[in-house]
Amino acid sequence: MRNMKRRTEGLLLSLLLTLAAAPSLAAPIGGTNPQPPQPSWGTWDATVRWVQPHTVPGPDGPLRYTYTYAHISAASQSDCETQLYGYASQPGVTVIDFCTFHSF
């Protein structure tokens, strides 16, 4: 009888300790790498440039430019970054503005 009481007490203690530790072992809400919520009204914009001398007609004659700019606009941050990294992986491309959210 005494042996059975010790076993029951031991089982209850181990069950209690397991239940107490369970919340600390659980993954946080949103997963192990939660992402901040995406704003829903606006666009993600970025700007890159690269050296490309060119001329365009101007009011007083041709205008000479050294850089060509690309303006990136996307609905989500990940889409903006994908496009930005596509440009930035090319030689001679400089990132002027990283992906920034602009609300409507």
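These figures come from a predicted structure and were not determined experimentally.

J.: Explanation requested: the overall build of the chain in the structure shown.
T.: Each helix and strand counted, the chain has two helices and three strands in total. Across the chain, the fraction of contacts at a sequence separation of at least 24, relative to all contacts at a separation of at least 6, is 56%.

J.: Even after reading the chapter, I still don't get the pairing of strand β1 (residues 42-58), so can you show me in this structure?
T.: Along a regular strand, successive side chains alternate from one face of the sheet to the other. Summarising the sheet, β1 and strand β3 (residues 93-103) pair through eight bridges and their orientation is antiparallel. Bridge pairing links valine 48 to valine 95 in β3. Counted along the chain from β1 to the antiparallel partner strand β2 (residues 61-74), the turn is two residues long.

J.: I'm lost on the sheet that holds β3 in this one. Help?
T.: In any sheet, the strands associate via hydrogen bonds between backbone groups, in a parallel or an antiparallel arrangement. Here three strands make up an open sheet; going across it, the order is β2-β1-β3 and the pairing antiparallel. The open sheet is flanked by β2 and β3, the only strands paired with a single partner. Strand-to-strand twist across the sheet, computed as the mean angle between neighbouring axes with direction ignored, equals 30 degrees. Where β1 lies against β2, 13 bridges are found, and the strand directions are antiparallel. Residue pairing across strands places valine 51 opposite tyrosine 67, the latter belonging to β2. The sheet strands contacting helix α2 (residues 77-88) are β1, β2 and β3, and the helix crosses β2 at an angle near 140 degrees.

J.: When you look at the state of the cysteines in this model, what are you seeing that I'm missing?
T.: Here, disulfide denotes a covalent bond that connects the sulfur atoms of two cysteines. Under the counting rule described, the total for this entry stands at one disulfide. For cysteine 80, the disulfide goes to cysteine 99, at an S-S distance of 2.2 Å. Its torsion about the S-S bond being -95 degrees, the disulfide of cysteine 80 and cysteine 99 is classed as left-handed. Taken together, the positions of cysteine 80 in helix α2 and cysteine 99 in strand β3 put the pair 19 residues apart, joining distant regions of the chain. Accessibility expressed as a relative area gives 15% for cysteine 99, which makes it buried.

J.: Would you take a moment to explain the packing of aromatic side chains for this structure?
T.: For any pair of aromatic rings, the description consists of the separation of the ring centres together with the inter-plane angle of the planes. If you walk through the whole model with that rule in mind, you get two aromatic pairs. Judged by centre distance (5.3 Å) and plane angle (55 degrees), the rings of tryptophan 44 and phenylalanine 101 are tilted. A residue pair is termed long-range when its members are at least 10 positions apart, and tryptophan 44 in strand β1 and phenylalanine 101 in strand β3 qualify at 57 residues. Since its relative accessible area comes to 23%, phenylalanine 101 is described here as partly exposed. Here tryptophan 50 and tyrosine 87 contribute two aromatic rings whose centre-to-centre distance is 6.0 Å and whose plane-to-plane angle is 20 degrees, an arrangement assigned as stacked. With a gap of 37 residues between them, tryptophan 50 in strand β1 and tyrosine 87 in helix α2 connect regions that are remote in the sequence. A residue is classified by how much of its surface remains accessible, and tryptophan 50, at 23% relative accessible area, is partly exposed.

Calculation rules
- Residues numbered from 1 in each chain as written.
- Predicted model: local features only at pLDDT ≥ 70, side-chain atom pairs only at ≥ 80, totals over all residues.
- Heavy atoms only, no water.
- Helix = DSSP H or I, 4+ residues; strand = E, 2+ residues; numbered from the N terminus.
- Contact = heavy atoms within 4.5 Å.
- Pairing = 2+ DSSP bridges.
- Axes fitted to C-alpha atoms, helices over the stretch in contact; angles between N-to-C directions.
- Disulfide = S-S within 2.5 Å.
- Buried < 20%, exposed > 50% of the residue type's maximum accessible area, 1.4 Å probe, protein only.
- Phe/Tyr/Trp six-rings, centres within 6.5 Å; stacked < 30°, edge-to-face > 60°.

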